[in-house]
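# Fold and contact review
Residues per chain are reported as follows:
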Amino acid sequence: MYKIRSKKVLGPGLKLMVVEAPEIAAKAQPGQFIILRENEYAERIPLTIADFDRQEGTITIIFQEVGRSTRDLGLLEAGDSILDFVGPLGKKSEIEDFGKVICVGGGVGVAPVYPITRALYEAGNHVVSIIGARNRELLILEEEMRKVSHQLVVMTDDGSYGEKGFVTDALRKILSQDTYARVIAIGPLVMMKAVSQVTKEFGVKTIVSLNPIMVDGTGMCGACRVEVGGETRFACVDGPEFDGHQVDWDLAQQRARMFLAQEKIADEARGGGCRCQK
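Residues numbered from 1 in each chain as written. Predicted model: local features only at pLDDT ≥ 70, side-chain atom pairs only at ≥ 80, totals over all residues. Heavy atoms only, no water.

## Structural notes on the overall build of the chain
- Broken down by element type, the chain carries nine helices and 17 strands.
- Here the chain has a C-alpha radius of gyration of 18 Å; the compact-globule value for 278 residues is 19 Å, and the two agree.
- Structurally, the chain occupies a C-alpha span of about 55 × 40 × 35 Å along its principal axes.
- Going through the 278 residues of the chain one by one, you find that 49% of them count as buried.
- Of the contacts formed within the chain by residues at least 6 apart in sequence, a portion of 65% connects residues at least 24 apart.
- Here the chain displays about 13,100 Å² of accessible surface, and carbon together with sulfur accounts for 48% of that area.
- When the 34 positive and 38 negative side-chain charges of the chain are each reduced to one mean point, those points stand 1 Å apart. (Helix = DSSP H or I, 4+ residues; strand = E, 2+ residues; numbered from the N terminus. Rg over C-alpha atoms; globule rule 2.2 N^0.38 Å. Buried < 20%, exposed > 50% of the residue type's maximum accessible area, 1.4 Å probe, protein only. Contact = heavy atoms within 4.5 Å. Areas by Shrake-Rupley, 256 points an atom, 1.4 Å probe, with all protein chains shown as cover. Lys, Arg positive; Asp, Glu negative; His and termini not counted. Charge placed at Lys NZ, Arg CZ, Asp CG, Glu CD.)

The structure is reproduced here in structure tokens:
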């Protein structure tokens, strides 16, 4: 059992949990993820590591309540425990001094882009960060990102905070003003696809982090397969980071919608007030 040391509500449906997992914290690297299972009846959920503290032996996860499993997870409080917490999984981010880099986080994707941004900053890169959300209430980790960026641009779809527009609007403006060695983008599929399309115009290498449907996290089940550069890859072992210009985004979006009907049924069953697994 993995004890939840602390919990924080970041915004509507956005939760942060610090979980005691010393063995994972000792080995975790930016870009990697964990798979958790709340209890023996619950679904296995992949979540990118938002932060880790080797000295305290903790892993920080941030998630948005979008279905039954994440809503059930969000009901846990500090002092409660999670049954399974497995990791670190996946390949770590490539961190070195590339020169000038741009880190882009959209929505809850700001959480996994944060440790990567910090590592790139500490490696000596000149880091420009762009974070965005639909509105101010859903914007997360602004101050944390500001501390590890030479420049931070904040975008909101409705203009309630920062600049009005999408992260791609800010990205295009920045790329038109200077030359950058690399862009790292994490967020919804539609956002990462749009970022990759913009950076392709400027010929800038772009790394995205894919979070497809996963079951075992070892590459055995094949549920997380994606197509990159015309080849089938498995996000859990070959990724989760890939070249954004090589990803088949249409296929990725199609696979992400595979179980929408089943997810709706499960969520509606939960809405009845019965958490039968408990």
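So, next bit.
## Things to note about the packing of aromatic side chains
- In total, this model carries one aromatic pair according to the counting rule given.
- Between Tyr 2 and Phe 85, the ring centres sit 5.7 Å apart and the planes meet at 35°, which makes this aromatic pair tilted. With a gap of 83 residues between them, Tyr 2 in strand 1 (residues 2-11) and Phe 85 in strand 8 (residues 84-89) connect regions that are remote in the sequence.
- Just above the ring of Phe 52 sits the side chain of Arg 118; from NZ or CZ to the centre is 5.9 Å.
- The aromatic ring of Phe 98 is capped on one face by Arg 182, whose charged end is 4.0 Å from the ring centroid. (Phe/Tyr/Trp six-rings, centres within 6.5 Å; stacked < 30°, edge-to-face > 60°. Lys NZ or Arg CZ within 6 Å of the ring centre and 35° of its normal.)

## What about the confidence of the model for the chain?
- Summarising the model, the chain shows a mean pLDDT of 91, and 94% of its residues fall at 70 or more.
- Under a pLDDT of 50 for its full length, residues 272-278 has, in the predicted model, 12 contacts with residues more than four places off or in other chains. (pLDDT = per-residue confidence, 0-100.)

## Considering the pattern of salt bridges
- The final tally for this structure, using the stated rule, is 14 salt bridges.
- We note a salt bridge from Glu 77 to Lys 7, for which the minimum N-O separation is 3.2 Å. Highlighted residues: Glu 77 in the loop between helix 2 (68-74) and strand 7 (81-82) and Lys 7 in strand 1, separated in sequence by 70 residues.
- Taking the relative accessible area as the measure of exposure, Glu 77 reaches 43% and is therefore partly exposed. (Salt bridge = Lys/Arg side-chain N within 4 Å of Asp/Glu carboxyl O.)

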